[in-house]
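Structure at a glance
If you want the building blocks of each chain, they are given just below.
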Amino acid sequence: MLSKGNVTKILGRQTVSGNILVPLGYLYGGIMRLRNAFYDNGLFKKQRPALRVISVGNLTVGGTGKTPMVEFLIKRYGSDRASGLPETATLSRGYGRITTGFRIATDADTAATLGDEPLQLYRKFGRFVCVCVGERRADALHQMQQRFPQLRRVLLDDAYQHRAVDPHLNLLLSDYNRPFYADYPFPAGRLREGRAGAARADAVIITKCPGALSADEQQQIRWAVHRYSGAGVPVLFAGLRYGQPVAYATQQPTDKLRAVVLVSGLANADPLDTYVRQTFDLLTHHRFADHYAYKRADLDRLLADQPPGAALLTTEKDWVKLDALLTTDERATLPLYYLPVSVQFLPGYEQEFGRLLDAFDAGDRPPRPLSDGARPLPM
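With an unreviewed UniProt entry as reference, the protein chain is termed Tetraacyldisaccharide 4'-kinase, source organism Spirosoma rhododendri. Its UniProt record gives the protein chain the following Function (unreviewed entry) comment, quoted word for word: "Transfers the gamma-phosphate of ATP to the 4'-position of a tetraacyldisaccharide 1-phosphate intermediate (termed DS-1-P) to form tetraacyldisaccharide 1,4'-bis-phosphate (lipid IVA)."

As structure tokens, then:
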């Protein structure tokens, strides 16, 4: 049984009467509800692509672990190359790039031409998947189908609010530390749309969970999610697993690092900061804005401030941008490393997720029943 105290805790209720931004948040949320209603009722055009599409997205602004989830899916599907050519592709907007339109990743691309996260995917998995960007996702999907007839599926990154495309499988990610059901629409909170947007999800994945998350708390979170998604939607739980630091120069992991200076450009770097403090001797953490476009002057300051004997440790997303600023000699001689991160489902949930993907692979769209007469709340 859920006590009143537990419900209040899990929903994260806040006193908002004194927050002057709340009315603006409700106004913005109302505009987004109207936009969604236009799509839902056919006033705005949306299409179901001929290519099978898995969408990975969120309701909040950044920081839910979308890229590690896309990498998890790439690892599941990346070796599926019966035709001898990649049968899986990724498609994102390419946030932060200076180019426009549809673009297929090549060895000549940089974070400026492709975006940092697509470049990260291309550097790690370009042999196994097609990595593409395009702000007009429906048009991009059509071009991908024309150019790569062997493709069987597309992993659509950060497109939960891109309603012009109706995916075959819609995965909604929510950070355990910042759950969507306890947040408010921008600018009062971090939501891109109201909580009721969760009703479009085929599954909700709570990310960045502690490994010891109790069954009781899982059930409380599930109950809170179902108030907006409907009771038939699977709720899965996953954490993050950090790997050994990898050298910029050799692309080889090491277990020798001790003193480190951390550099991150993330929407929420707190979980990373906690892990690095627990694992290494963290001297300084230089925090930059999410998707920050580093300049050579930034790198010069970082290197000048680096204490003797300390290694510079970055995220993978920051690696692809900082590496492009290095000379060949600097890359070979400076103690520069990045920290890989991957999704690790809590016990039992990877198997449940696998069954969901098996249904998708078989051509089935998971049903979204609202059991026991439950209905999603409108907020």
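**Quick notes on the nonpolar core**
Of all hydrophobic cores here, the largest spans 71 residues; its most connected members are Ile54, Met69, Leu73, Leu171, Phe237, Phe345 and Phe353. In terms of residues, this core owes the most to one element, helix H3 (residues 66-77), which gives 6 residues. Each of two domains, domain 1 (52-240 + 347-362) and domain 2 (244-339), supplies a minimum of three residues to this core. What methionine 69 contacts, discounting residues up to four positions off in sequence, is Val56, Leu173, Ile205, Val343, Phe345 and Phe353. Grouped together as the second largest cluster of nonpolar side chains are 17 residues, Phe102, Cys130, Ala140 and Leu141 included.

**What to know about unusual backbone geometry**
Here the amide bond leading from phenylalanine 186 into proline 187 is cis, since omega sits at 5°, within 30 degrees of zero. Along the chain, proline 187 turns up in the loop between strand E6 (169-175) and strand E7 (203-207). Even without a glycine there, the phi angle at glutamine 251 is positive, about 60°. Following the sequence through the fold, glutamine 251 ends up in the loop between strand E9 (246-247) and strand E10 (259-265). Note on glutamine 251: relative accessible area 35%, which makes it partly exposed.

**Observations concerning the side chain of threonine 254**
Structurally, threonine 254 is set in the loop between E9 and E10. A polar side-chain atom of threonine 254 sits 3.1 Å from the main-chain amide nitrogen of lysine 256. Among residues more than four places away in sequence, those in contact with threonine 254 are Gln244, Pro245 and Tyr337.

**Points about the UniProt feature "binding site: ATP" (unreviewed entry) in the protein chain**
Under the UniProt annotation, "binding site: ATP" (unreviewed entry) lies at Thr60, Val61, Gly62, Gly63, Thr64, Gly65, Lys66 and Thr67. Along the chain, valine 61 turns up in the loop between strand E1 (52-58) and H3. For valine 61, a relative accessible area of 40% gives the class partly exposed. For valine 61, the residues in contact, after removing those within four places along its chain, are Arg190, Arg192 and Ala267. Relative to the helices and strands, glycine 62 resides in the loop between E1 and H3. Those residues in contact with glycine 62, other than ones at most four positions away along the chain, are Arg190, Arg192 and Ala267.

Analysis parameters
- Residues numbered from 1 in each chain as written.
- Predicted model: local features only at pLDDT ≥ 70, side-chain atom pairs only at ≥ 80, totals over all residues.
- Heavy atoms only, no water.
- UniProt positions renumbered as here; feature names shortened; annotations may be inferred.
- Core = buried A, V, L, I, M, F, W, Y, C linked by side-chain atoms within 4.5 Å.
- Buried < 20%, exposed > 50% of the residue type's maximum accessible area, 1.4 Å probe, protein only.
- Helix = DSSP H or I, 4+ residues; strand = E, 2+ residues; numbered from the N terminus.
- Domains from an automatic or database assignment.
- Contact = heavy atoms within 4.5 Å.
- Polar contact = N/O pair within 3.5 Å; in protein donor to acceptor, adjacent residues only side chain to side chain.

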